Amino acid sequence: MRLQRARGHAVRAHFYVDDTGRQTAIAAFGYQLLGEPVPSEKPDHWIGKVYTVSSAIVEVLSAKEKLQSTPEGEDAAKLRSNIDEWMSVLSEQARLSPDLTDALSKAMAGIETPQESISRLISEYEEGRPLAKRAIRKMVDYCLSGFKETLGRAGIHIDSFDYESDLLWDDSVGALLDSLEGSKYVAHDGRAMIFDVDAAANDFGLKEILGVQKSHVLPRLVLTRRDGTTLYVTRDLAYSLKKLDRADRVLNVIGTPQTLAQLQLKVVLYALGYKKVLEQIHVPYEQVELPTGSMSGRRGHYVAFDSILDEAKSRAKPEVAKRNPEMSAEVTSELAEKISVAAVRFALVGVGASKKILFTWDRVLDFEANSGPYALYTFSRANSILQKSGKVADSIEPDFGALKLPDEHRLAVLCARLPENVAFAADTFRPEVLSEYVMRLCDVFNSYYGKAPVLGAPTAELKDARLVLVRMVHVTLRSAFSMLGVPVPQRM
RNA sequence: GGGCCCGUGGCCUAGUAUGGAUAGGGCGGCGGCCUGCGGAGCCGCAAGUCGAGGGUUCAAAUCCCUCCGGGCCCGCCA
């Protein structure tokens, strides 16, 4: 987003709050049973636990219930292993947060059919019933307040949080369904509405435009269930219309598993006459994996972003203190925070989005391998040279002819290439292009001032010219950092 | 079965859009550099059949084909 802005676009960041799904309802169900309390810790973390525990209990209870009406055999064995699996999730949670697990277990023990209660909660929420609405929104907003805090910490600002439920309540989904009703690509099966994506794509010649082989048959898209209720994609279609209405161009930053769904969505909207949907671009990224497998909130297998920042910070602190013994604890902590944000942002942004990232603490916390601290270090060295010169580099009228070293030439050229790198990175949605550029500039600069003294240059002309060069690097790095969302320290 | 993505020294990664010279970096390993702007740094060394095989070309990590390995998707889930 910062990159697009730097490119000259007017950008608004929207965060889609998927609050109508089963996940949310499970968490909200648990939340209701607990009496809708104020979270006792960082709200998003706490609600995450409520979700994991609730979900596990529900899984166990319903598997047990099913087991009673299942004859011995393969099915029963499967149910048993299911129970075992969720019991182990539960005992893990009991170890981590005994009070919460205990409270939820007690509260749910009396519920005969939790799955049904949850389904009821979902439909009540979708209909906008006050009780369901109050409970779920309350919980969701607690959760979002936690998100906002964390995102703010990492320097990420969201302009608007868009609730999926609003699309149902303000009837944008209903309007969409009405407009689909007349389409010749729509077929019905009971109250279910099914869209023939392949036929539409062929008729409008979209396969070629969207980069799909003609022989590849696109799967149909179910827009409403047999009972008439809507699905995630249906809401997403309505949401896309809203977005397209408000912007010239829409960038959907969504994981790579959504690729097909994004394609289908485009075909449906195009067939409805919204040709502008081709200006909606899917910017995919691969998910971060844990060594133990994919992250799973349901199973309580995840690493919270906060804990990454926290760990990085606690790792940075002693390093900062070692180098700056005179610094107050407060300033040390502030600096450590900046360094950890830089480290984490560089780590995430520095790898192409098509590469899967395997998360290990080892790698995230390795400040030697991590380019963030290195880049900040380089910047603060440049800064320090400028400070010590006692001059305002911008007011010097240097004789650039004095600069004869190859590295000096390279630095000047490299700095001049910031704009083209920004343009390329922004246009291809690849921030790593910019972080690669920053690293290259840092490498050359570090090597340069290692062998060419600036303040101790042999002649005054050379010193001035070098100072201006250092200033160029300084300014260039600062711009690049701001586009990458990396905070800049004056020293470190 | 079909579609998409990834495969570059022990590990991570750039380069693939627009084919060009000894395939850049980093981590780890080894060896140097603090009487000169802060050593989160600098200098050097070892380590590569660019997944494999064909093809196009004067020239292929890059383009085409086939295959192998890994991942994702093809739900009236979200």
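Our subject is the structure that appears above.
Now for a quick tour of the structure. Worth saying up front: this structure is predicted, and the values here are computed from it rather than measured. (Residues numbered from 1 in each chain as written. Chains lettered and ligands numbered in written order. Predicted model: local features only at pLDDT ≥ 70, side-chain atom pairs only at ≥ 80, totals over all residues. Heavy atoms only, no water.)

Some thoughts on the environment of Glu36
Relative to the helices and strands, Glu36 resides in the loop between α2 (22-33) and α3 (43-68). Given the relative accessible area of 13%, Glu36 is considered buried. In sequence terms Glu36 and Met139 are 103 residues apart; their C-alpha atoms lie 7.8 Å from each other. For Glu36, the residues in contact, after removing those within four places along its chain, are Tyr31, Arg134, Ala135 and Lys138. (Helix = DSSP H or I, 4+ residues; strand = E, 2+ residues; numbered from the N terminus. Buried < 20%, exposed > 50% of the residue type's maximum accessible area, 1.4 Å probe, protein only. Contact = heavy atoms within 4.5 Å.)

Brief notes about helix α19 (residues 418-427)
Taken together, the buried positions of α19 are Leu418, Asn421, Val422, Ala423, Ala425 and Ala426. Remark: Phe429 follows α19 within two positions and exhibits a positive phi of approximately 55 degrees.

Structural notes on the protein's contact with RNA strand B
Neighbouring residues of RNA strand B: 48 residues in total, closest Arg323, Lys388, Phe424, Tyr449 and Met492. For RNA strand B, the fraction of protein-proximal atoms (within 4 Å) that sit in sugar or phosphate groups is 67%. Between RNA strand B and Lys355, the relevant distance is 2.7 Å, taken from a phosphate oxygen to a side-chain nitrogen or oxygen of the residue. Tyr449 places a polar main-chain atom, nitrogen or oxygen, 2.3 Å from a base nitrogen of RNA strand B. The set of elements that each furnish at least two residues to the surface near RNA strand B consists of α14 (305-323), α17 (371-389) and α20 (431-451). The leading source of residues in the surface near RNA strand B is α17, at eight residues. (Near = heavy atom within 4 Å. Polar contact = N/O pair within 3.5 Å; in protein donor to acceptor, adjacent residues only side chain to side chain.)

A few points about empty space enclosed by the protein
Under the criterion given, the structure shown has one cavity of 30 Å³ or more. As a volume, the largest cavity reaches approximately 30 Å³. Together, Asp19, Thr20, Gly21, Thr24, Ala25, Leu121, Ile122, Tyr125 and Ile136 line the largest cavity. At the level of elements, α2 and α6 (114-127) are the ones that each hand at least two residues to the lining of the largest cavity. Looking at the lining of the largest cavity element by element, the count peaks at three residues for α6. Grouping the constituent residues of the lining of the largest cavity by class yields five nonpolar, three polar and one charged. (1 Å grid on protein atoms, 1.4 Å probe; cavity = no way out; pocket = protein on both sides within 12 Å on 5 of 7 lines; lining within 4 Å. Points joined across faces, edges and corners; volume = space filled by probe spheres on them. Nonpolar A, V, L, I, M, F, W, Y, C, P; charged D, E, K, R; others polar.)

Re the pattern of salt bridges
For the coordinates displayed, the defined rule picks out 35 salt bridges. Residues Lys42 and Asp306 are paired through a salt bridge, measuring 2.8 Å at the closest nitrogen-oxygen approach. In this pair, Lys42 is assigned in the loop between α2 and α3 and Asp306 in helix α14, connecting sequence segments 264 residues apart. Each member of the pair, Lys42 as well as Asp306, is classed as buried. With its nearest N and O atoms 2.4 Å apart, the salt bridge here joins Arg323 to Glu319. Highlighted residues: Arg323 and Glu319, both in helix α14, separated by four residues, approximately one helical turn. (Salt bridge = Lys/Arg side-chain N within 4 Å of Asp/Glu carboxyl O.)

Examining the layout of surface pockets
Approximately 420 Å³ is the volume attributed to the second largest pocket. Looking at the second largest pocket, it is lined by 16 residues, and the ones nearest its centre are Glu319, Arg323, Phe367, Pro373 and Met492. Listed by contribution, the elements that provide at least two residues to the lining of the second largest pocket are α14 and α17. Top element by residues in the lining of the second largest pocket is α14. It accounts for five residues.

Points about α14
Each α-helix turn comprises 3.6 residues. Residues three or four places apart therefore point the same way. With 19 residues, α14 should reach 27 Å at 1.5 Å per residue; the first-to-last C-alpha distance of 27 Å fits that figure. Of the residues making up α14, those classed as buried are Asp306, Ile308, Leu309, Ala312, Lys313, Ala316 and Val320. Where α14 is buried, its residues meet α3, α7 (130-153), α15 (329-349) and α16 (361-364). (Expected span 1.5 Å × (residues − 1).)

Re the side chain of Ser54
Assignment of secondary structure puts Ser54 in helix α3. Looking at Ser54, the relative accessible area reads 0%, which means it is buried. Non-local contacts of Ser54, meaning those with residues more than four positions away in its chain, are made with Ile26, Gly30, Leu104 and Met108.

Observations concerning the sheet that holds strand β3 (residues 186-189)
As a general point, the strands of a sheet are linked pairwise by backbone hydrogen bonds and lie either parallel or antiparallel. The antiparallel open sheet is built from three strands, whose spatial order is β3-β4-β5. In the strand order of this sheet, the two ends are held by β3 and β5 (221-224), each with one partner. Between one strand axis and the next, the sheet turns through 30 degrees on average, direction left out of account. Pairing of strand β4 (residues 192-195) with β5 involves three bridges; the strand directions are antiparallel. By the bridge assignment, Ile194 is partnered in β5 with Val222. (Pairing = 2+ DSSP bridges. Axes fitted to C-alpha atoms, helices over the stretch in contact; angles between N-to-C directions.)

Details of the packing of α2 against α3
The geometry of a pair of packed helices is captured by two quantities: the angle between their axes and the separation between those axes. Closest axis-to-axis distance for the α2/α3 pair is 8 Å, and the angle between their directions is 95 degrees. With respect to each other, α2 and α3 are oriented roughly perpendicular. Residues Gln23, Ile26, Ala27, Gly30 and Tyr31 of α2 form the contact with α3, whose participating residues are Trp46, Val50, Tyr51, Ser54 and Ser55. A per-class count over the contact of α2 with α3 returns six nonpolar, four polar and no charged. (Parallel < 35°, antiparallel > 145°, perpendicular 65-115°, else oblique.)

Some thoughts on the sheet that holds strand β10 (residues 357-358)
A sheet is described by the order of its strands in space; here three strands give the open sequence β9-β8-β10, paired in mixed fashion. Looking at strand neighbours, the two that pair on one side only are β9 (293-294) and β10, the edges of this open sheet.

Some points on the side chain of Asn421
Take Asn421: it is sitting in helix α19. Residues in contact with Asn421, not counting those within four places in the same chain, are Val433, Tyr437 and Arg440.

Some details on the environment of Gln280
You can see Gln280 is positioned in strand β7 (residues 280-285). Since its relative accessible area comes to 0%, Gln280 is described here as buried. Linking Gln280 and Val250, residues 30 residues apart in sequence, is a C-alpha distance of 4.5 Å. For Gln280, the residues in contact, after removing those within four places along its chain, are Ser240, Lys243, Leu244, Val250, Asn252, Gln262, Leu265 and Lys266.

Function-wise, these values are silent; they only describe arrangement.
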